[in-house]
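# Chain and residue survey
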Amino acid sequence: MDTERPRLAKRVQTRSPEWHAMSGVTTRAMRLTAEMNKLSFDDVARVRELFSELTGRGVDETFMLIPPFYAAYGLDIRVGHKVFINQCCTLYDMGGVDIGDLVMIGPNVNIITTGHPVEPSQRRAYVEGKPIVIEKNVWIATGATILGGVTVGENSVVAAGAVVTKDVPPNSFVAGVPAKVIRLLEEDQG
């Protein structure tokens, strides 16, 4: 995985030059994902090509994504080797999404780095993005949601439908809304 710079939370005021610049990047991402979503699941070379264009970083032949796929920004997604992303996944990456080697992401998973303020008077004033890190050999099961500011530790499993709002320790199985550690994972010695 490419780690050229650390990830920091960022806030973008609406009605600002940065907001308008981001709108152009979002339009680009929507165009590229729409093109990707016309492809068959077995057009892996073209999917990789479009995903590389979306992220501005090449992915290798071990990367696999089954369309449809949705991204709102694209340029802040980094993926490692042997990453698998199943169909109907959404990545909102303004805050940055780092996906480590050997990660498997199930269908209908949402990885959302951005949010609005809770206070009604501020809700439309800005968007805040917080980074998400998914470490090596993680499995995120169907329908799970990972929210900004979270690290999912190495070898962990996020259960189907879980909503992850806090860091997941390495070698953990988390489930629920909000997700909590159900048990630690150990290799089967038998």
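The sections below set out a description of the structure shown in this document. These numbers come from a predicted model, not from an experiment.

Another aspect to go through is the side chain of Ser52. Topologically, Ser52 is positioned in helix H2 (residues 44–55). Using a relative accessible area of 16% as the deciding quantity, one classes Ser52 as buried. In terms of polar contacts, Ser52 uses its side chain to reach the backbone amide nitrogen of Val59, at 3.0 Å. Filtering out sequence-adjacent residues up to four positions away, Ser52 remains in contact with Arg57, Gly58 and Val59.

Bringing unusual backbone geometry into the picture now. Cis geometry is adopted by the peptide bond preceding Pro68, which originates at Pro67 and carries an omega value of 5°. With respect to the helices and strands, the residue Pro68 is situated in the loop between strand S2 (64–65) and strand S3 (69–71). Residue Pro178 follows Val177 across a cis peptide bond; omega there is -5°. By secondary structure assignment, the location of Pro178 is in the loop between strand S18 (172–175) and strand S19 (180–184). With a phi close to 65°, Cys88 is a non-glycine residue in the positive phi region.

What follows is about the sheet that holds strand S4 (residues 77–79). Strands sit in the order S4-S7-S12-S15 across an open sheet of four strands; the sheet is parallel. The sheet terminates laterally at S4 and strand S15 (151–152), the two strands that pair on one side only. Sheet topology note: the strand S12 (residues 132–134)/S15 ladder contains two bridges and is parallel. Among the inter-strand pairings, Ile134 is bridged to a residue of S15, identified as Val152.

Along the chain, Lys10 turns up in strand S1 (residues 10–13). Considered as a pair, Lys10 and Gly95 are 85 residues apart in the sequence and their alpha carbons are 6.5 Å apart. With residues up to four places along the chain from it excluded, the contact list for Lys10 reads Asp76, Met94, Val127, Glu128 and Gly129.

What the seven strands build is an open sheet, ordered S2-S5-S8-S13-S16-S18-S19; its pairing is mixed. What marks the edges here is a single partner per strand, and that holds for S2 and S19. Sheet analysis places S2 next to strand S5 (residues 84–85), joined by two bridges and oriented parallel. Along S5, the bridge assignment pairs Met64 with Phe84.

Moving on, we get to the pattern of salt bridges. This model, assessed by the stated rule, comprises three salt bridges. Note that Glu35 is salt-bridged to Arg46, the shortest N-O span being 2.4 Å. With Glu35 in helix H1 (residues 17–36) and Arg46 in helix H2, this residue pair connects regions lying 11 residues apart in the sequence. On the basis of relative accessibility, which here comes to 28%, the residue Glu35 falls in the partly exposed class.

The next point concerns the pairing of strand S6 (residues 89–92). In this structure, S3 lies alongside S6, joined through three bridges in parallel fashion. Its bridge partner lying in S6, Phe69 is registered against Cys89. Two elements, S6 and strand S9 (residues 110–112), share three bridges in a ladder whose sense is parallel. If you follow Leu91 over to S9, its bridge partner there is Ile111.

Criteria and cut-off values
- Residues numbered from 1 in each chain as written.
- Predicted model: local features only at pLDDT ≥ 70, side-chain atom pairs only at ≥ 80, totals over all residues.
- Heavy atoms only, no water.
- Helix = DSSP H or I, 4+ residues; strand = E, 2+ residues; numbered from the N terminus.
- Buried < 20%, exposed > 50% of the residue type's maximum accessible area, 1.4 Å probe, protein only.
- Polar contact = N/O pair within 3.5 Å; in protein donor to acceptor, adjacent residues only side chain to side chain.
- Contact = heavy atoms within 4.5 Å.
- Pairing = 2+ DSSP bridges.
- Salt bridge = Lys/Arg side-chain N within 4 Å of Asp/Glu carboxyl O.

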